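The residues making up each chain are set out below.
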2 protein chains.
Amino acid sequence: MEIDIRKRKVGLNFLEDGTAEIWLWAPFATNVSVLITESELSLKMQKESLGYWYLKSNEIAENAEYCFALENKEAEQQTTDSQPLLRSDPASVYQKNGVSGNSTAYNLKSFNWTDLGWQGVRTEDLIIYELHTGTFTPTGDFNSITEKIDYLLELGITAIEIMPVAQFPGNRNWGYDGVYPFAVQDSYGGPEALQQLINTCHEKGLAVILDVVYNHFGPEGNYLKDFGPYFTAKYNTPWGDAINFDDANCDAVREYFIENCLMWFRDFHIDALRLDAVHAIKDLSTTHILAEIKQYVNQLSAHTKREYLLLVELDLNDNTYINPLADKGYGMDAQWIDEFHHALRVTTGEAKNGYYADFNGIEHLAKSYRDAYVYDGQYSPHRQKKFGIKAERNQGNQFIVFSQNHDHVGNRMLGERTSTLVSFEMLKLLAAAVLCSPYIPLIFMGEEYGEANPFQFFISHTDEDIIESVRKGRRSEFAAFHHSDETPDPQSEDTFNRSKLNWEALNENQHKTLFAYYKALIALRKSNPVLNKLDRTGVLAEALKDQNCLILTRSNQNGKVYCLMNFSKETQGFPGRHVANSKVIFNSASVEWGGSDAEQPAINDTIN
Amino acid sequence: MEIDIRKRKVGLNFLEDGTAEIWLWAPFATNVSVLITESELSLKMQKESLGYWYLKSNEIAENAEYCFALENKEAEQQTTDSQPLLRSDPASVYQKNGVSGNSTAYNLKSFNWTDLGWQGVRTEDLIIYELHTGTFTPTGDFNSITEKIDYLLELGITAIEIMPVAQFPGNRNWGYDGVYPFAVQDSYGGPEALQQLINTCHEKGLAVILDVVYNHFGPEGNYLKDFGPYFTAKYNTPWGDAINFDDANCDAVREYFIENCLMWFRDFHIDALRLDAVHAIKDLSTTHILAEIKQYVNQLSAHTKREYLLLVELDLNDNTYINPLADKGYGMDAQWIDEFHHALRVTTGEAKNGYYADFNGIEHLAKSYRDAYVYDGQYSPHRQKKFGIKAERNQGNQFIVFSQNHDHVGNRMLGERTSTLVSFEMLKLLAAAVLCSPYIPLIFMGEEYGEANPFQFFISHTDEDIIESVRKGRRSEFAAFHHSDETPDPQSEDTFNRSKLNWEALNENQHKTLFAYYKALIALRKSNPVLNKLDRTGVLAEALKDQNCLILTRSNQNGKVYCLMNFSKETQGFPGRHVANSKVIFNSASVEWGGSDAEQPAINDTIN
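All residue numbers here refer to positions counted from 1 along the written sequence of the relevant chain. The order in which chains are written sets their letters, starting at A; the order in which ligands are written sets their numbers, starting at 1. Whole-chain, interface and lining totals are the exception, using all residues; otherwise, since this is a predicted model, local features are given only for residues with pLDDT of at least 70 and side-chain atom pairs are given and counted only at 80 or more. To obtain the side-chain values, all non-hydrogen atoms of the structure were used and water was disregarded.

Chemist: Any chance you could break down the relation of the copies chain B and chain A for me, citing the residues and the numbers?
Modeler: To line up the copies, we fit them by least squares on C-alpha atoms, keeping just the residues with pLDDT of at least 70 in both. The operation relating chain B to chain A is a screw motion whose rotation component is 180°, with 0.0 Å of axial translation and a residual RMSD of 0.0 Å. Such a turn and shift between the copies fits a two-fold axis. Identified as the residue of chain B closest to the rotation axis by C-alpha distance is Tyr235 of chain B, at 2.3 Å. Note on contacts: a residue pair qualifies if any of its non-hydrogen atoms lie within 4.5 Å across the two residues. The share of interface residues of chain B whose copies in chain A are also at the interface is 100%, consistent with both copies meeting through the same surface.

Encoded structure:
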């Protein structure tokens, strides 16, 4: 099988004339058939080179259910000739009966796209709104997200980022337990509903980012090992064997993920992928899989004349990932910088436990404004080694920052959102710290109105052992600080329901004010000719340690903006910071935003 | 501890005034003392930052024996206060009683160097002679190598490459089971004898390359785990856990190996290190350990005004390793290309088993002459994946080639040298194929006179379990092709003795001729203004598949040389290859070299 950027080849696909074409990688199989469930038809596949099997057939109707019958002589799971292994398609696009059901021959090309005027989004213009489909709305599906688009446009964000939708077990999951990377979660509405959502977003002017997981598979419903060596024992990861990106037989595994990227962009019109935890992708190949993905995405872009972005969650201060291919980088468009978050949260008083231990607060926050990476070569006590490299030449639109996201909320034992942890004044300051930064801002659903419901860790596995092991894992994670009884049960439906947004809150006073505040701040960021440029050359950041205050200065040929941030509990002056000819353009502590400082604003009292 | 390129800091070192200074990394220890064996003196070390312990003392005499007493509260091996762990120095430079004995406080600076006029060697001029100290001479030590220097100079090679000398168990070992990377094998003569050998080599005009192993430690006498996390479970290697180059606590491990490199260059005047199997060094740090080593070696070079080379054995066709630091490479000076060897040997009729399976013979050989890497992106059946990248911009002096080396001889069950596997005519052709290549040639001790003794795999462990496991490993390696009884016993002294060079052979006719032939060929390579330039721009290689012949053309502004190689058993013409104005400068099949073709040379019969 050769990748063709113009059409999906892996798995089952329909040609223009309605013929079904199937490519399956099963290098150790001795016989492979496609079984059409309803008609009980069995179609023998033909062995091709490099472990692939192929079938072209006009006997498979759209939306027919199918699976593969594998006869393996050498694979881990032995079969006898009379009892072939029955397995659904690893590249299935629709599992309407869940991870254990058959695959559905859904035709990705049947959707009637009407977003042809959509021009995509530039990284400079990204204001990202991260959402979890299951808890964003009461019904928890794609259709109901559509109803919120006008609200999101009013808020001013430019892109939604949908947490992973790859088919996972049950109907409650953050999305990181997906086992069918190509299949769109049935309980969310499946592939067609996702296409519909994206089409509507584009028509209304909203970009769509999709979170995809290429570093591990979930623990339940993962039968990839029956097909071939998708995993390698070369590397140990928190999830066991690593996905095989560089060991024997890796080519087809690499193709599988490249095809996956291409599918989202080409067949779902996704604008950007958010690649989960790419530091956990272990690949010592001559060309890193991310660089290879970038090469293919560039080809697709040239073909469709649309720009596609690759954004990576990366727990490494290593700009190799975001440097251009021509400069021996992997060519990713932007990366997460959790360090900004950590420094920011310690500045607001977060206890210095776990990954927060590395951060001293205001000085590190200032460093992150200046240098993006806080650790750029120094010794990190938390990591117990020297960490990072300088990223001087990387622009602000290569970094994504936030004051909270699903991880930092949900990884707390009780999943408390920031709104329940800090004061209202601090909430506003946090928002401004992110939205005035020279980086791409990301907000987490509900943050914009101070949602008080938690975002807890939830699953809906069916395997009792896995459920118990996840429960134990959660309990032991917090054992040092909490009594284990307090840990919410991840498997409980209550935990999931508790984590849903409470849209009613928006009608309440302070929530309404906060929403208006976010709206105003986003509008300011978009309209201000200094704030809306992400060139880092005009960025200065000074920490006033004793006052726990920070002065962020941003400037370009269009002017200069001072962002005076007071993280202390007291009113602070900024002595000697009297800036002639400047005027206050935004004051988070003003009465308008529920503050008390109509005449003498707390954070910029010396500004004329 | 901070690395100081001017002096060794790790382990025990003497200052100018005779004071001993000791740095030890033992991050989990609660108390560390130095014990001076003879005087029964116990000196408490002082805890420093980042897990280091320090002591400065004038109570330690040169050549005193010492060890460390460790009290660990958290380490793997628990101790009670009454019974501290006694361990010799991981950075010991001399273990005169073997791997289990105490360390000796040898003063590396006490040697009186007289090689100050020595200018080092350029990669362009390298003609490498690989030797194994234990089997190169009857006595098997450094002193006796000295006696062979004149012979080696007569042969014409420019550098000896000494197989690893880091202290290993017993006195028979290839050297890859070393457990004290800083200690020079006692049975070879220890550090002073090595310094003496290098000094003499330099005085006589011979460079010295040392083989060092940074990818694993031997199985016996390795107590590093008692000191700290030298290993990480992140990666699985053929030797178990990988050396910790990028996990928590890796900084001190990295420093340990950087210090090791610097020691050989600075304190032993080594000209080049041959880094064993660097593909097995697993390091996903922002700066690869090899690149960091290069940075330090560059600093040392600036300080001492001598050039030091870093040559790597690399089973990857990845020129990142040899590209300059400025171009995001690791800056290694040259790499092994085993593929040249494999293609060459298949061309001479080697069975296509194991790693030979990837090579078709003459065409791949021609490709290796042209492109260095045979696999530069294609699918490799042996590796079961696409492999390699193009190395177009790398020069010939970045690649090291050979027709045999210790590995390819010794990894045969019976350790047969090429001299016993192919005809005399073929031996000469193999020599020419290597020495006329646009790459750095390497020959394996004895090859130059057709040594007939094998070079077998031998060890001299003391642990019975390890011995039995090595025996089993060897037997199972060859189980498919041989009866297990045939496998020489690696632990047997006979196996070692059988592998020694038989210098008497040099007095025999054909051996004498071959030696003269090598000498003439090396002289030709050195004096010919086309052959002695390693710019690859003037290299052409054409495979004549049906005749199993190859025409290598090398040219530059000084002229053009055709190397006509006939690997078939028949006399071959090179029809249409009549080259006007050219003359035969060397004919391997001439009567002078024991051939039969005085008038009508087999390999270049159409040349005027």
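Chemist: Pulling in residues and values, what's your account of the state of the cysteines?
Modeler: Residue and element names in this part refer to chain A. Here, the term disulfide refers to a pair of cysteine sulfur atoms separated by no more than 2.5 Å. Summed over the entire model, instances satisfying the criterion amount to zero disulfides over all chains. This cysteine, Cys549, is not joined by any disulfide, and Cys563 carries the nearest cysteine sulfur, 13 Å off. A simple rule labels every residue: compare its accessible area, found with a 1.4 Å probe on the protein chains alone, to the largest value its type can have, and call it buried under 20%, exposed over 50%, or partly exposed in between. Judged by its relative accessible area of 0%, Cys549 falls in the buried class. Cys436 supplies the cysteine sulfur nearest to Cys563, a cysteine that is in no disulfide, at a spacing of 4.2 Å.

Chemist: Which residues make up the side chain of Asn587 of chain A, and what are the values?
Modeler: You can see Asn587 of chain A is positioned in the segment after β26 (559–566). Between N or O atoms, a polar contact is any pair within 3.5 Å; within protein, one atom must be a potential hydrogen donor and the other a potential acceptor, and residues adjacent in sequence are included only when both atoms are from side chains. Among the polar contacts made by the side chain of Asn587 of chain A, one reaches the main-chain amide nitrogen of Ala589 of chain A at a distance of 2.9 Å. Strands are runs of DSSP state E lasting at least two residues, helices are runs of H or I lasting at least four, and both sets are numbered from the N terminus onward.

Chemist: Talk me through the domain arrangement of chain A; I want residue IDs and the actual numbers.
Modeler: Residue and element names in this part refer to chain A. Examined at the domain level, chain A breaks down into domain 1 (11–110) and domain 2 (128–523). Each domain span listed reflects an automatic or database assignment of domains. Taking the mean C-alpha position of each, domain 1 and domain 2 sit 32 Å from one another. Each side of the interface is counted separately: domain 1 has 26 residues, and domain 2 has 32 residues. Carbon and sulfur atoms make up 63% of the surface buried where domain 1 meets domain 2, a total of about 2400 Å² over both sides. It is Trp25, Pro90 and Val99 that lose the most area in domain 1 upon contact with domain 2, and together they represent 31% of the buried surface on that side. Salt bridge, as used here, is a side-chain nitrogen of Lys or Arg placed within 4 Å of a carboxyl oxygen of Asp or Glu. Taken together, the connections running from domain 1 to domain 2 amount to one salt bridge. With a shortest N-O distance of 2.5 Å, Arg87 and Asp226 are connected by a salt bridge. The interface formed by domain 1 and domain 2 includes 10 residue pairs in polar contact (both at pLDDT 80 or more). If you list the elements that add at least two residues to the side of domain 1 that touches domain 2, you get β2 (20–25), β7 (65–72) and β8 (85–87). Residue contributions to the side of domain 1 that touches domain 2 peak at three residues, all from β7. When residue character is reported, Ala, Val, Leu, Ile, Met, Phe, Trp, Tyr, Cys and Pro are called nonpolar, Asp, Glu, Lys and Arg charged, and the others, Gly included, polar. For the side of domain 1 that touches domain 2, the per-class residue count stands at 16 nonpolar, six polar and four charged. Here the quantity called buried area is the accessible surface, traced with a 1.4 Å probe, that two parts lose on coming together, added over both.

Chemist: How would you explain the packing of aromatic side chains if you had to name every residue and give the values?
Modeler: Residues and elements named next belong to chain A. Paired rings are identified among Phe, Tyr and Trp, the last through its six-membered ring, by centres lying within 6.5 Å, and are further divided according to the angle between planes into stacked (under 30 degrees), edge-to-face (over 60) and tilted (the rest). Applying the stated rule across the entire model yields 79 aromatic pairs over all chains. With centroids separated by 5.0 Å and ring planes inclined at 15°, the aromatic side chains of Tyr151 and Phe515 adopt a geometry described as stacked. A residue pair is termed long-range when its members are at least 10 positions apart, and Tyr151 in helix α3 (residues 149–155) and Phe515 in helix α13 (residues 509–527) qualify at 364 residues. Overall, the relative accessible area of 12% leaves Tyr151 in the buried class. A centroid spacing of 5.7 Å and a plane angle of 80° characterise the contact between Phe399 and Tyr439, whose relative ring orientation is edge-to-face.

Chemist: Run through the pattern of salt bridges, naming residues and quoting values.
Modeler: Residue and element names in this part refer to chain A. Under the criterion given, the structure shown has 55 salt bridges over all chains. Residue Asp115 pairs with Arg306 through a salt bridge whose shortest N-O separation is 3.5 Å. Pair noted here: Asp115 is in the loop between β9 (103–104) and β10 (128–131) and Arg306 is in the loop between α6 (289–304) and β18 (309–312), with a separation of 191 residues, a long-range link. Residues Asp115 and Arg306 agree in their burial class; the two are buried. Linking Glu425 and Lys428 is a salt bridge whose minimum nitrogen-to-oxygen distance equals 2.9 Å. Taken together, the residues Glu425 and Lys428, both in helix α10 (residues 424–435) and three residues apart, mark about one turn of the helix. Through salt bridges with shared partners, a single network forms among Glu161, Asp211, Arg274, Asp276 and Glu313.

Chemist: Explain the side chain of Ser568 of chain A residue by residue, including any values.
Modeler: Residues and elements named next belong to chain A. Mapped onto the elements of the fold, Ser568 is located in the segment after β26. Among the polar contacts listed, one links the side chain of Ser568 to the side chain of Asn566, at a separation of 2.6 Å. In this structure the side chain of Ser568 is engaged in a polar contact, spanning 2.9 Å, whose partner is the side chain of Gln572. Excluding residues within four positions of it along the chain, Ser568 makes contact with Gln547 and Asn548.

Chemist: Can you break down the packing of helix α5 (residues 250–268) of chain B against helix α6 (residues 289–304) of chain B residue by residue, with the values?
Modeler: All names here are of chain B. Packing of α5 against α6 brings their axes to within 10 Å, and their N-to-C directions diverge by 40°. When the interaxial angle is binned, α5 and α6 end up oblique. The two elements α5 and α6 meet at a crossing, and its hand is right-handed. Note on element contacts: α6 touches α5 through Ile289, Glu292, Ile293, Tyr296, Val297 and Leu300, opposite Arg254, Ile258, Cys261, Leu262, Phe265 and Arg266. For the contact of α5 with α6, the residue count by class is nine nonpolar, no polar and three charged. Note on definitions: angles span 0 to 180 degrees between N-to-C directions of axes, and those axes are lines fitted to C-alpha atoms, for helices only across the stretch in contact. Small angles under 35 degrees read as roughly parallel and large ones over 145 as roughly antiparallel, with 65 to 115 read as roughly perpendicular and the rest as oblique. Left-handed describes a crossing in which the near helix is turned anticlockwise from the far one by less than a right angle; the clockwise case is right-handed.

Chemist: I'd love a proper account of the nonpolar core, names of residues and values included.
Modeler: Among buried residues, those of type Ala, Val, Leu, Ile, Met, Phe, Trp, Tyr and Cys that are joined through side-chain atoms within 4.5 Å constitute a nonpolar core. Core analysis: the biggest nonpolar cluster contains 173 residues, and Tyr129, Ile160, Trp264 and Leu273 of chain A have the highest contact counts within it. With 11 residues, helix α5 (residues 250–268) of chain A is the largest single contributor of residues to this core. Aside from chain neighbours lying at most four places away, what touches Leu273 of chain A is Ile209, Leu210, Val212, Tyr214, Cys261, Trp264, Phe265, Leu309, Leu310 and Leu311 of chain A. Listed in part, the 172 residues of the second largest apolar core include Leu314, Tyr449, Val470 and Val530 of chain B.

Chemist: For helix α4 (residues 190–204) of chain B, give the residues involved together with the corresponding values.
Modeler: Over its 15 residues, α4 of chain B extends 22 Å from the first C-alpha to the last, a length consistent with the 21 Å expected when each residue adds 1.5 Å. Just downstream of α4 of chain B, Gly205 of chain B is the residue with a positive phi angle, here 100°. Multiply 1.5 Å by the residue count of a helix minus one, and that product is the helix's expected span.

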